[in-house]
Amino acid sequence: MIETLRSVLRFRRLELDPVARRLARAASVADLRAIARHRLPRGVFDYIDGAAEDERTLAANSAAFAAVTFRPRVLRDVGEVDPSTTLLGRPLPLPLVLAPTGFTRIADPDGELAVARAAARAGVPYTLSTLSTRSIEEVAAASAGPKWFQVYVWRDRGLVKDMIGRAASTGYEALVLTVDTAVLGRRERDVRRGFSLPPKIGLGTLVDGAAHPGWTWRFLRSEPIRFANVQESAGVGDGTTAVTLSDYVNTQFDPGLSWRDVEWMRSEWHGPLVIKGIQTVDDARLAAEAGVEAIALSNHGGRQLDSAPAPLDLVAPVADAVGDRLEIICDGGVRRGSDIVKAVALGARACMAGRAYLYGLGAAGERGVDHVLGLLDADVRRTMALVGVSGVAELGRELVDPRS
Ligand SMILES: Cc1cc2nc3c(=O)[nH]c(=O)nc-3n(C[C@H](O)[C@H](O)[C@H](O)COP(=O)(O)O)c2cc1C
């Protein structure tokens with residue numbers, strides 16, 4: 001009996017590092033989300049996790065991935081799997097780009113710097129948001145990896161021109177113009193909690209903060225968070241006064257943005273241009289006519305128009321219409337490497353992911369982002385092997401069964 005017991009008893013080595021202990025239990029992005037939910041104040045978690053109105057589009061983005069099944073091939077020698085590809089003429093180790101997210105320091109004080117450093121280690125591009133809490137220059141100094149800059153078009157075009165110039169002179173490789181934010185979507189979790197940026201300290205926040213002492217301690221010890229790019233450029237919305245995100249966006253952003261502005265942007269920016277927020281085949285055609293290098297099929301992770309279509313469902317029709325004229329990025333709902341493989345098989349060049357890395361950041365800071373990128377990379381390789389391909393060029397529609 002003792003012999004049998006000895007043969008089956010295995011104790012895990014006692015891990016003294018609390019972050020390593022936490023990450024050892026996180027087998028998936030969903031696990032990291034659960035840890036982030038536990039560690040972050042509710043208002044902060046809901047700002048990241050939430051979406052517009054009934055959150056139907058948020059659910060639809062993931063449901064679209066779940067609805068696609070594989071048609072795996074076997075006996076195809078997958079001893080060497082290589083998930084690398086190219087995007088905008090550059091090599092990419094994995095068909096993945098980190099999406100821009102505003103106010104990233106709310107998840108962890110290292111915020112954008114942590115995410116940019118983790119992206120650089122993985123070799124994937126990091127997209128810095130206009131609404132970032134670290135400046136264009138600070139992120140450029142922290143990461144020598146590939147970086148893209150996302151623009152929201154302010155009413156004051158001088159401000160936009162200034163930001164584009166700063167991104168060009170600090171080595172950002174591509175400009176991402178987000179076009180699905182004419183006005184801000186109604187994120188009802190934020191409305192219910194009275195969420196403002198930067199967070200104001202009311203009684204509710206104090207109680208929430210006390211229940212999450214780790215986050216509160218780090219937040220209070222770090223320098224105040226602010227809209228770093230905008231302050232550097234014009235001194236507006238400098239984050240010294242608390243405003244709701246919708247007030248801020250609705251007063252600063254230009255709802256008059258049109259295709260003419262894309263032409264203007266072309267004259268200001270001489271590198272590759274990506275339009276993010278395309279949601280129909282017709283607009284994908286207009287983007288191709290405008291001569292942009294890539295589009296991100298995106299509904300802003302369900303945070304803008306509720307009942308917008310899921311990006312994955314647009315990939316094949318858009319690839320059929322304009323796939324020979326521009327590159328397609330599928331953005332929204334990516335939680336696993338198998339999601340990336342599905343999007344690429346349907347005709348996307350790469351995926352963008354937003355919440356996936358924010359959950360990692362909220363769960364375990366910079367190491368949490370490394371963990372997410374490691375999980376996605378391993379997932380992509382394993383999925384490719386299991387569907388029977390050794391390189392992304394072999395990923396085609398015959399390997400997936402989209403819904404009818
Ligand atoms: C907290 C948060 C902040 C975001 N901020 C921006 C932003 O500043 N600019 C932008 O173009 N998109 C922004 N997005 C949208 C993301 O770039 C991306 O489209 C979305 O997260 C994709 O869906 P996913 O979270 O399911 O990956 C944000 C998303 C989240 C979750």
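Rules behind the numbers
- Residues numbered from 1 in each chain as written.
- Predicted model: local features only at pLDDT ≥ 70, side-chain atom pairs only at ≥ 80, totals over all residues.
- Heavy atoms only, no water.
- Helix = DSSP H or I, 4+ residues; strand = E, 2+ residues; numbered from the N terminus.
- Buried < 20%, exposed > 50% of the residue type's maximum accessible area, 1.4 Å probe, protein only.
- Contact = heavy atoms within 4.5 Å.
- Areas by Shrake-Rupley, 256 points an atom, 1.4 Å probe, with all protein chains shown as cover.
- Lys, Arg positive; Asp, Glu negative; His and termini not counted.
- Charge placed at Lys NZ, Arg CZ, Asp CG, Glu CD.
- Salt bridge = Lys/Arg side-chain N within 4 Å of Asp/Glu carboxyl O.

S.K.: Whenever I open this one, the overall build of the protein chain confuses me. Can you help?
M.R.: Across its full length, the protein chain carries 18 helices and 12 strands. Along the longest, intermediate and shortest principal axes, the C-alpha atoms of the protein chain span 75 × 55 × 40 Å. Taken across its 404 residues, the protein chain has 54% of its residues classed as buried. Sequence separation of 24 or more characterises 75% of the internal contacts of the protein chain that already satisfy a separation of 6 or more. As presented, the protein chain carries roughly 17,500 Å² of accessible surface, and 54% of it is formed by carbon and sulfur atoms. For the protein chain, the distance from the average position of its 50 positive side-chain charges to the average position of its 50 negative side-chain charges is 6 Å.

S.K.: Quick question: what am I supposed to make of the environment of arginine 367 here?
M.R.: Counting through the fold element by element, arginine 367 comes out in helix H18 (residues 355–387). Each C-alpha atom of the pair arginine 367 and alanine 20 lies 8.6 Å from the other, and the pair is 347 residues apart in sequence. When neighbours within four sequence positions are excluded, arginine 367 is seen to be in contact with Asp17, Val19, Ala20 and Leu23.

S.K.: Sorry if this is basic, but what is going on with the pattern of salt bridges here?
M.R.: Side chains that differ in sign of charge can pair as their charged atoms come close. With the rule as written, the count across this model stands at 27 salt bridges. A salt bridge links aspartate 49 to arginine 189; the nearest nitrogen and oxygen atoms lie 3.0 Å apart. With aspartate 49 in helix H4 (residues 42–49) and arginine 189 in helix H9 (residues 188–193), this residue pair connects regions lying 140 residues apart in the sequence. Each of the two residues, aspartate 49 as well as arginine 189, counts as buried. Among the ionic pairs, arginine 382 bridges to aspartate 379, the shortest N-O distance being 3.0 Å. In this pair, arginine 382 and aspartate 379 are both assigned in helix H18, 3 residues apart and thus about one turn of the helix distant. Taking the relative accessible area as the measure of exposure, arginine 382 reaches 44% and is therefore partly exposed. The class of aspartate 379 is buried, set by a relative accessible area of 10%.

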